[in-house]
Amino acid sequence: MARSPSGAGDIQRRHLLKIFSRKKRGKEVSRMRNTLKPGDVFSWSYVVPLNKTVPYLYPESEEYRKMPEIFATGFMVGLLEWCCIEALRPHLEEGEGSLGTFISTTHVAPTLPGMKVTVTALCDEIREGNNIFWSVVARDDMDLIAQGRHGRHVIETARFQARMERKSSLFLALSHKSRAA
């Protein structure tokens, strides 16, 4: 297992604490409707097309292009998230959205193009009114293919977009500065 340089973990922890403590500095935190409850269940189905198989995940990678045409783990993770997005959507206020913040899953069986995958998401935890955690299970027409946990954070879309615009401006400025050096 790779180890981070001495102190890198502390720096990362401080950075994460800074990010998550922003809501405690008097800023209004996005609070979705209180209609979603732990124990609520939602299912979402999807038929896997050819372009969601492993060779299409990173087509610029020669190694990926050589792999079999089965449902790619990266796309499967996206499907798990999609199910939770749809489960959460009716509980959001106008101007709110959600971002994935946590994923831990297995991928235990291959799924062929044309097979239907059904994801079931069980809301198992709501923290601070806007951090939602789901237990997720995915099955194709024949097998259990995945199970795990997914977390989503409810955000105010306009506020998040403004933050991304600031980050983009800073990135462009830093990129230009490093090219000039």
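Check the entry above for the structure.
To start, this report covers the structure provided alongside it. (Residues numbered from 1 in each chain as written. Predicted model: local features only at pLDDT ≥ 70, side-chain atom pairs only at ≥ 80, totals over all residues. Heavy atoms only, no water.)

**Regarding the nonpolar core**
Within the largest apolar cluster, 25 residues are counted, with the highest numbers of intra-cluster contacts made by Leu 88, Val 117, Ile 132, Trp 134 and Ile 145. When residues of this core are traced back to their parent elements, those giving at least two are helix 3 (73-88), strand 3 (116-127), strand 4 (131-139) and strand 5 (144-156). When residues of this core are assigned to their parent elements, the largest contribution, seven residues, is made by helix 3. (Core = buried A, V, L, I, M, F, W, Y, C linked by side-chain atoms within 4.5 Å. Buried < 20%, exposed > 50% of the residue type's maximum accessible area, 1.4 Å probe, protein only. Helix = DSSP H or I, 4+ residues; strand = E, 2+ residues; numbered from the N terminus.)

**Some details on the sheet that holds strand 5**
The pairing of strands in a sheet comes from backbone hydrogen bonds and takes either a parallel or an antiparallel form. If you walk across this open sheet you meet the five strands as 1-3-4-5-2, and the pairing is antiparallel. Two strands lie at the open edges of the sheet, namely strand 1 (41-47) and strand 2 (96-105), each paired on one side alone. Between one strand and the next, the sheet's axes are offset by a mean angle of 30°, whatever the strand orientation. The pairing of strand 2 with strand 5 spans nine bridges and is antiparallel. The partner of Gly 97 across the bridge, within strand 5, is Ile 155. The sheet strands contacting helix 3 are strand 1, strand 2, strand 3, strand 4 and strand 5, and the helix crosses strand 1 at an angle near 135°. Here helix 4 (residues 157-180) sits on the sheet in contact with strand 2 and strand 5, set at roughly 90° to strand 5. (Pairing = 2+ DSSP bridges. Axes fitted to C-alpha atoms, helices over the stretch in contact; angles between N-to-C directions. Contact = heavy atoms within 4.5 Å.)

**Some points on the pattern of salt bridges**
What the rule picks out here adds up to eight salt bridges. Close ionic contact of Glu 93 with Arg 33 constitutes a salt bridge, the shortest N to O distance being 3.9 Å. Linking Glu 93 in the loop between helix 3 and strand 2 with Arg 33 in the loop between helix 1 (8-21) and strand 1, this pair joins segments that are 60 residues apart in sequence. Overall, Arg 33 belongs to the partly exposed group, its relative accessible area being 34%. Note that Glu 62 and Lys 66 form a salt bridge whose closest N and O atoms lie 3.6 Å from each other. Of the two residues, Glu 62 and Lys 66 both sit in helix 2 (residues 62-66), four residues apart, roughly one turn of that helix. Among the ionic contacts, a cluster of salt bridges with common partners joins Asp 124, Glu 125, Arg 127 and Arg 149. (Salt bridge = Lys/Arg side-chain N within 4 Å of Asp/Glu carboxyl O.)

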